[in-house]
Amino acid sequence: MDAVKIIGAPVSPYVRKILAILRLKDVPFEIDPIVPFFGDDDFSVLSPLRRIPLLIDGDVVIADSSVIAQYLEETRPEPSILPANPADRAQARWLEEYADTRMGDVFIWRCFNAVVVNPSVWGGERDLNAFQEALAGPVAEIMDYLESVAPKDGYLFSTIGLADISIAVMFRNMRYCRWTPDASRWPKTARWLATVEENSALSAANEWADTLVKTPVADHRVRARQLGVPISERTMFDLVPRRGPMTPAS
Ligand SMILES: N[C@@H](CCC(=O)N[C@@H](CS)C(=O)NCC(=O)O)C(=O)O
């Protein structure tokens, strides 16, 4: 089977979600590890929202991690990342949606953006007040909700799947902001996240991201290659950052 190509740096939780699914399904892949703001004109054509990840599978180009996950599930059904019965499948899709939208808004755009992206990409101030406000408000609300749906032990639906992965990947970016959930306040969630993070499907991408988040974007390719990331031959990297049509103002 030819390798599929992923456009996007593993620092993105949405990219790591897809890399974990590829690992689970044992699909060979190569990566062009660009940070989305540093994509060139070709990137704008292939990804109209200038967002990562993008999947290229032969002639097929797909944007958006949920659409990519669904495509992988349909083209490489084994092992499935969705539970068997329709009600559980719906709940899994809802939790993926909750992770991608609400957690993405708060964990990535309010927290990770204020602490990491805005200073490193746009040269802004690290906004620790905004971060603290988010922790006290929407982050705590999200955690309370997750505690209400977290499994007593193991995964949400017997084996690791789409919902577990979509939610767990968001937390690593919070760790890059030096925050981890309080296990005495949200014990079920803390246990569940630890179980998902320990799964070998997530480990390589997590290690790559841990190093790349500390690496200047211009050095990502070289550093990624040193880490053993299967790097694509061609890159859509451009040194000058640009905002995409949906990049929030910072
Ligand atoms: N709904 C999209 C969200 C992807 C997303 O927001 N990716 C971020 C990186 S973590 C991005 O590319 N942001 C660039 C921008 O919005 O300008 C998905 O699931 O793929």
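Scroll up to find the structure.
This write-up is about the structure you can find in this document.

Each value, and the rule that gives it
- Residues numbered from 1 in each chain as written.
- Predicted model: local features only at pLDDT ≥ 70, side-chain atom pairs only at ≥ 80, totals over all residues.
- Heavy atoms only, no water.
- Pairing = 2+ DSSP bridges.
- Helix = DSSP H or I, 4+ residues; strand = E, 2+ residues; numbered from the N terminus.
- Right-handed = clockwise from strand over helix to strand, strands pointing away.
- Near = heavy atom within 4 Å.
- Polar contact = N/O pair within 3.5 Å; in protein donor to acceptor, adjacent residues only side chain to side chain.
- Areas by Shrake-Rupley, 256 points an atom, 1.4 Å probe, with all protein chains shown as cover.
- Phe/Tyr/Trp six-rings, centres within 6.5 Å; stacked < 30°, edge-to-face > 60°.
- Buried < 20%, exposed > 50% of the residue type's maximum accessible area, 1.4 Å probe, protein only.
- Lys NZ or Arg CZ within 6 Å of the ring centre and 35° of its normal.
- Axes fitted to C-alpha atoms, helices over the stretch in contact; angles between N-to-C directions.
- Left-handed = near helix turned anticlockwise from the far one by under 90°.
- Contact = heavy atoms within 4.5 Å.
- Nonpolar A, V, L, I, M, F, W, Y, C, P; charged D, E, K, R; others polar.
- Parallel < 35°, antiparallel > 145°, perpendicular 65-115°, else oblique.
- Salt bridge = Lys/Arg side-chain N within 4 Å of Asp/Glu carboxyl O.

### Digging into the pairing of strand β2 (residues 29-32)
Then comes step 1: Two strands pair when backbone bridges link them, and strand β1 (residues 4-7) and β2 are joined in this way by 4 bridges, in the parallel orientation. Within the sheet, the bridge partner assigned to Ile 6 lies in β2 and is Ile 31.
Then comes step 2: Where the polypeptide runs from β1 across helix α1 (residues 13-24) and back to β2, its parallel neighbour, the crossover connection is right-handed.

### As for the site of the ligand
Then comes step 1: Taken together, the neighbourhood of the ligand is formed by 14 residues, with Arg 51, Ile 52, Asp 64, Ser 65 and Thr 247 sitting nearest.
Then comes step 2: Residue Arg 51 places a side-chain N or O atom 2.7 Å away from an oxygen atom belonging to the ligand.
Then comes step 3: Ile 52 places a polar main-chain atom, nitrogen or oxygen, 2.8 Å from an oxygen atom of the ligand.
Then comes step 4: In the complex, 90% of the free accessible area of the ligand, which totals 510 Å², lies under the protein chains.
Then comes step 5: Mapped by element, the contributors of at least two residues to the shell around the ligand are α1 and α4 (86-122).

### Points about the packing of aromatic side chains
Then comes step 1: Under the defined criterion, the tally for this structure stands at 7 aromatic pairs.
Then comes step 2: Judged by centre distance (6.4 Å) and plane angle (50°), the ring pair of Phe 112 and Tyr 176 falls under tilted. With Phe 112 in helix α4 and Tyr 176 in the loop between α6 (162-175) and α7 (187-198), this pair connects stretches of sequence that are 64 residues apart.
Then comes step 3: Exposure remark for Phe 112: the relative accessible area of 6% places this residue in the buried category.
Then comes step 4: Using a relative accessible area of 16% as the deciding quantity, one classes Tyr 176 as buried.
Then comes step 5: Taken together through their ring pairs, the aromatic side chains of Trp 94, Tyr 98 and Tyr 145 make up a single cluster.
Then comes step 6: When the ring centre of Trp 122 is taken as origin, the NZ or CZ atom of Arg 243, which lies over that ring, is 4.1 Å away.

### Observations concerning the packing of α1 against helix α8 (residues 200-212)
A pair of packed helices can be characterised by two numbers: the angle between their axes and the separation between those axes.
Then comes step 1: Running from N to C, α1 and α8 cross one another at 145°; their axes reach a closest spacing of 7 Å. In terms of crossing hand, the pair formed by α1 and α8 is right-handed. Contacts between α1 and α8 involve Arg 16, Leu 19, Ala 20, Arg 23 and Leu 24 from the former and Ala 201, Leu 202, Ala 204, Ala 205, Asn 206, Trp 208 and Ala 209 from the latter.
Then comes step 2: Across the contact of α1 with α8, the residue classes tally to 9 nonpolar, 1 polar and 2 charged.

### Some remarks on the packing of helix α3 (residues 65-75) against α4
Then comes step 1: Between α3 and α4, the shortest axis-to-axis distance is 11 Å and the interhelical angle comes to 150°. Considered as vectors, α3 and α4 are oriented roughly antiparallel to each other. Residue-level contacts link Ser 65, Ser 66, Ala 69 and Gln 70 of α3 to Arg 93, Glu 96 and Asp 100 of α4.
Then comes step 2: Split by residue class, the contact of α3 with α4 holds 1 nonpolar, 3 polar and 3 charged.

### A look at the pattern of salt bridges
Oppositely charged side chains can pair when the atoms bearing their charge come close.
Then comes step 1: Applying the stated criterion across every chain, the model contains 11 salt bridges.
Then comes step 2: Put simply, Glu 197 and Arg 175 hold a salt bridge, and the shortest N to O gap is 3.1 Å. On the criterion of sequence distance, the pair formed by Glu 197 in helix α7 and Arg 175 in helix α6 is long-range, its members being 22 residues apart.
Then comes step 3: Given the relative accessible area of 41%, Arg 175 is considered partly exposed.
Then comes step 4: The residue Asp 238 makes a salt bridge to Arg 242 at a minimum N-O spacing of 3.0 Å.

Geometric values such as these leave the question of function open.
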